[in-house]
Amino acid sequence: MQTNRHLIALDLDGTLLTDKKEISPKTKQVVLKAMDEGHIVVIATGRPHRASIGYYKNLGLTTPMVNFNGALIHHPNDKKWDALHSPMSIRTAHKIIGTCYELNVRNILAEVMDDVYLDQYDQAIIDIFHMSKNDPPFTIGSLRNKLTEDPTSILIHPKDEHISTLRKHLDDFHADLIEHRNWGAPWNIIEIVRKGMNKAVGLQKIAHYFHIPADRIIAFGDEDNDLEMIDYAGVGVAMGNAIDELKSISKYVTDSNEENGIANFLQTYLKIG
């Protein structure tokens with residue numbers, strides 16, 4: 001076993017993926033070379049499993065994966081692996097849904113693993129979340145009635161003028177039970193998961209599984225849902241296109257997702273030819 005092998009954690013959107021949602025040929029080549037040299041590559045994303053598995057297969061990964069910003073940590077190829085699914089309680093979810101109805105938000109979407117519940121029909125949202133013809137169909141209708149299981153995540157599409165009001169309400173009334181993030185433009189969707197769930201939780205579990213210390217974890221990210229992961233990793237790397245807050249806590253800043261930032265950093269840091 002290689003004694004200095006690293007665990008390399010890759011966020012997807014804005015990081016591993018170009019703006020066209022593709023893995024560039026150079027990045028793929030370097031990531032595969034890193035794997036050939038004994039390093040362990042994992043995906044750590046806010047996306048659900050169904051929206052990540054295509055990229056996982058594209059890279060030929062055989063490792064665990066972090067989905068829903070840590071609310072699901074599992075191994076796509078090993079059902080016996082000690083998976084961890086940490087949904088929020090249905091009671092909390094229904095309270096939040098009630099507030100959304102009072103504010104007359106544009107839409108609400110709930111995910112229970114790979115099952116999707118949409119409060120109101122919206123083709124644009126369906127196009128974003130329905131990744132392939134093999135996905136289970138959406139359940140469409142009032143979440144107050146349709147959602148009966150603890151959800152892995154809730155996504156709210158508020159009216160622009162209600163974003164700050166809604167986030168303040170979440171802080172004031174649910175801060176001890178949930179975490180919430182904002183996707184940012186153009187959608188400004190608020191994503192909610194159970195309290196304490198973030199990518200660092202998943203990375204810690206996977207690193208422990210492979211017996212890799214934090215100082216040999218390389219993590220790449222670009223958004224606020226990468227903050228804990230970048231801070232936890234011994235080698236936290238912000239993309240050139242990352243938000244300023246992430247760059248400020250990162251050990252390194254690499255090129256953007258459009259400029260093969262992951263590949264360029266790995267070639268230099270791990271001396272991959």
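This structure is a prediction, so every number in the text was calculated from the model and none was measured.

A closer look at the packing of helix H2 (residues 25-36) against helix H11 (residues 261-269)
Right, so step 1: At a minimum axis distance of 8 Å, the contact between H2 and H11 shows a crossing angle of 35°. Considering only the axes of H2 and H11, their crossing is left-handed. Where H2 approaches H11, its residues Lys26, Thr27, Val30 and Val31 are matched on the opposing element by Ile262, Ala263, Asn264, Leu266 and Gln267.
Right, so step 2: Each residue belonging to the contact of H2 with H11 can be placed in one class, and the counts come to 5 nonpolar, 3 polar and 1 charged.

Some thoughts on the side chain of Arg5
Right, so step 1: Mapped onto the elements, Arg5 comes out in the segment before strand S1 (7-10).
Right, so step 2: Among buried charged residues, Arg5 stands out as having no salt bridge; its nearest opposite-charge side chain is Asp215, 12 Å away.
Right, so step 3: One polar contact links the side chain of Arg5 to the main-chain carbonyl oxygen of Phe210, over a distance of 3.2 Å.
Right, so step 4: Residues contacting Arg5, with those up to four places away along its chain left out, are Gly38, His39, Ile40, Phe210, Ile212 and Arg216.

Comments concerning a negative patch on the surface
Right, so step 1: There is a patch of like negative charges on the surface, built from Asp19, Asp255, Glu258 and Glu259.
Right, so step 2: Assignment of secondary structure puts Asp255 in the loop between strand S14 (252-253) and H11.

Here's the deal with the domain arrangement of the protein chain
Right, so step 1: Each assigned domain of the protein chain is listed here: domain 1 (7-85 + 197-270) and domain 2 (90-194).
Right, so step 2: Contact with domain 1, which involves 16 residues of that partner, is made by 15 residues of domain 2.
Right, so step 3: Buried surface at the junction of domain 1 and domain 2, summed over both partners, amounts to about 1500 Å²; 49% is from carbon and sulfur atoms.
Right, so step 4: Looking only at domain 1, the three residues that lose the most surface to domain 2 are Arg50, Phe68 and Met197, adding up to 48% of its buried area.
Right, so step 5: Connecting domain 1 to domain 2 are 3 salt bridges.

Quick look at the sheet that holds strand S10 (residues 178-182)
Right, so step 1: Read from one edge to the other, the open sheet built from 6 strands follows the order S8-S7-S6-S9-S11-S10, with strand pairing classed as mixed. A strand with exactly one partner marks an edge of an open sheet, and here the two such strands are strand S8 (139-140) and S10.
Right, so step 2: Across 4 bridges, strand S6 (residues 107-112) lies against strand S7 (residues 115-118) in antiparallel orientation. Residue pairing in the sheet places Val112 in a bridge with Asp115 of S7.
Right, so step 3: Set on the sheet, helix H7 (residues 163-174) makes contact with strand S9 (153-157), S10 and strand S11 (190-194); between it and S10 the angle comes to about 165°.

Rules behind the numbers
- Residues numbered from 1 in each chain as written.
- Predicted model: local features only at pLDDT ≥ 70, side-chain atom pairs only at ≥ 80, totals over all residues.
- Heavy atoms only, no water.
- Axes fitted to C-alpha atoms, helices over the stretch in contact; angles between N-to-C directions.
- Helix = DSSP H or I, 4+ residues; strand = E, 2+ residues; numbered from the N terminus.
- Left-handed = near helix turned anticlockwise from the far one by under 90°.
- Contact = heavy atoms within 4.5 Å.
- Nonpolar A, V, L, I, M, F, W, Y, C, P; charged D, E, K, R; others polar.
- Buried < 20%, exposed > 50% of the residue type's maximum accessible area, 1.4 Å probe, protein only.
- Lys, Arg positive; Asp, Glu negative; His and termini not counted.
- Salt bridge = Lys/Arg side-chain N within 4 Å of Asp/Glu carboxyl O.
- Polar contact = N/O pair within 3.5 Å; in protein donor to acceptor, adjacent residues only side chain to side chain.
- Patch = residues over 30% accessible without salt bridge, like charges linked within 9 Å, V, L, I, M, F, W, Y side chains within 5 Å.
- Areas by Shrake-Rupley, 256 points an atom, 1.4 Å probe, with all protein chains shown as cover.
- Charge placed at Lys NZ, Arg CZ, Asp CG, Glu CD.
- Domains from an automatic or database assignment.
- Buried area = accessible area lost by both parts, 1.4 Å probe.
- Pairing = 2+ DSSP bridges.

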